[in-house]
Amino acid sequence: MSSSTTGRTVRRRTLRLAAAALTAAAGLTLTACSGSDAAGTKAAGHTNMGTVAAESSGAGSSAGAQGSVAQVGPAAKVDAKAGAAGKQSGSTHAATVKTASPVRTQILADGSKAEIYELGAQHYRAKIVSRGSVLATMETKGHDAGLDANDMFVVLTLDGQVHSWMGGGHQGPGTFKLAGGWTAKVTKVGELRYRAQILGNGGAVYGTLETNQQDAGLDANGVSIVLSAGGVISAHL
């Protein structure tokens, strides 16, 4: 073999080795990149999951805590303020009712006085006052109110009118003739509980009064009727 041939062979081998070295290096580089990407992906994925887990348990809890502060806390504060406002408004309302002046006062049959307060539409309260002391309170709540105050009978109507008279009571049970041509049929239905049917012509029932440990009253076409919790009924025209 000539020296030129030998030189070519050496160069070819050198080139092949260089090419092989480059291929190997490229392979190593690709493998390293792939490994880096895979590891990076796994690491990133692991990190992300860890971060998510950490955020869920840590930052998430913090977010939850912040949520509690941002949402529940202020809501609670708002509710508390609302409650406080409610209490304040309730207190103010109560104070208003207590300190409000009566729409009028009226002398009753026994010389005591009724202070009448307007609380709303068809909603009135009457305080029976004697010598500066409140002896009783009556209030209309969708119906007239009545009171038997030691044989003085008082009716407070839905429009705030007060009617009072002395005596004329009948002790039930029984059937009694009342002022104004009415008849009352009084029956006992329980302890301190009586019912009075107000009968008109032909025995037709025009109204019913019933006590439940509390006196009851009725304005029957201008005739004031009171039924006491003890079964006493009285009427006045």
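Computed from a predicted model, the values in this text were never measured in an experiment. (Residues numbered from 1 in each chain as written. Predicted model: local features only at pLDDT ≥ 70, side-chain atom pairs only at ≥ 80, totals over all residues. Heavy atoms only, no water.)

Caption draft 1: A look at the overall build of the protein. Assigned secondary structure in the protein consists of 1 helix and 15 strands. The buried share among the 237 residues of the protein stands at 27%. A separation threshold of at least 6 residues defines the contact pool for the protein, and within that pool the share at least 24 residues apart is 32%. Accessible surface, the protein: about 14600 Å² in total, of which carbon and sulfur atoms supply 56%. (Helix = DSSP H or I, 4+ residues; strand = E, 2+ residues; numbered from the N terminus. Buried < 20%, exposed > 50% of the residue type's maximum accessible area, 1.4 Å probe, protein only. Contact = heavy atoms within 4.5 Å. Areas by Shrake-Rupley, 256 points an atom, 1.4 Å probe, with all protein chains shown as cover.)

Caption draft 2: How the structure looks around the pairing of strand E12 (residues 205–210). Two strands pair when backbone bridges link them, and strand E11 (residues 193–199) and E12 are joined in this way by 5 bridges, in the antiparallel orientation. Counterpart to Leu199 in the pairing with E12 is Val205. Connecting the antiparallel pair E11 and E12 is a turn made up of 5 residues, with Gly202 showing a positive phi of about 75°. (Pairing = 2+ DSSP bridges.)

Caption draft 3: Structural detail: the pattern of salt bridges. For the structure shown, the criterion picks out 3 salt bridges. Here Glu139 and Arg125 are joined by a salt bridge, their closest N and O atoms 3.0 Å apart. Here Glu139, found in strand E4 (residues 133–139), pairs with Arg125, found in strand E3 (residues 123–130); they are 14 residues apart in sequence, far enough to count as distant. Assessed through its relative accessible area of 22%, Glu139 is described here as partly exposed. For Arg125, a relative accessible area of 18% corresponds to the buried category. The salt bridge involving Arg193 is made with Glu210; its shortest N-O contact spans 2.8 Å. With Arg193 in strand E11 and Glu210 in strand E12, the pair connects residues that are 17 residues apart, well separated along the chain. Judged by its relative accessible area of 31%, Glu210 falls in the partly exposed class. (Salt bridge = Lys/Arg side-chain N within 4 Å of Asp/Glu carboxyl O.)

Caption draft 4: Quick peek at the sheet that holds E12. Ordered by their spatial adjacency, 4 strands build an open sheet running E9-E10-E11-E12, and the pairing between neighbours is antiparallel. Single-partner strands in this sheet number two, and they are strand E9 (174–177) and E12. Across the sheet, the mean angle from the axis of one strand to that of its neighbour is 20°, orientation sign disregarded. Here 4 bridges tie E9 to strand E10 (residues 183–190), and the two strands are oriented antiparallel to one another. Note that in E10 the partner of Gly174 across the bridge is Val186. (Axes fitted to C-alpha atoms, helices over the stretch in contact; angles between N-to-C directions.)

Caption draft 5: Structural view of the packing of aromatic side chains. With the rule as written, the count across this model stands at 2 aromatic pairs. Look at Phe153 and Trp165: their rings are 5.9 Å apart centre to centre, the planes differ by 25°, and that puts the pair in the stacked class. Taken together, the positions of Phe153 in strand E6 (residues 152–156) and Trp165 in strand E7 (residues 162–166) put the pair 12 residues apart, joining distant regions of the chain. Grouping residues by exposure puts Phe153 and Trp165 together as buried. Measuring from centroid to centroid gives 5.4 Å for Trp182 and Tyr206, while their planes differ by 65°, and the two rings are edge-to-face. Taken together, the residues span a long stretch of sequence, with Trp182 in the loop between E9 and E10 and Tyr206 in strand E12 at a distance of 24 residues. Note on Trp182: relative accessible area 11%, which makes it buried. Since its relative accessible area comes to 54%, Tyr206 is described here as exposed. (Phe/Tyr/Trp six-rings, centres within 6.5 Å; stacked < 30°, edge-to-face > 60°.)

Caption draft 6: View of the nonpolar core. Ranked by size, the top nonpolar core spans 16 residues in total, and within it Leu178, Val186, Ile225, Leu227 and Ile233 carry the most contacts. Going through the elements one at a time, E10, E11, strand E13 (216–220), strand E14 (223–227) and strand E15 (232–236) are the ones with two or more residues in this core. Sequence-distant contacts of Leu227, that is, excluding residues within four places in its chain, are made with Val186, Tyr194, Arg195, Ala196, Leu209, Thr211, Asp215, Ala216, Val232 and Ile233. Membership of the second largest hydrophobic core comes to 14 residues, among which are Leu108, Ala136, Ala145 and Leu147. (Core = buried A, V, L, I, M, F, W, Y, C linked by side-chain atoms within 4.5 Å.)

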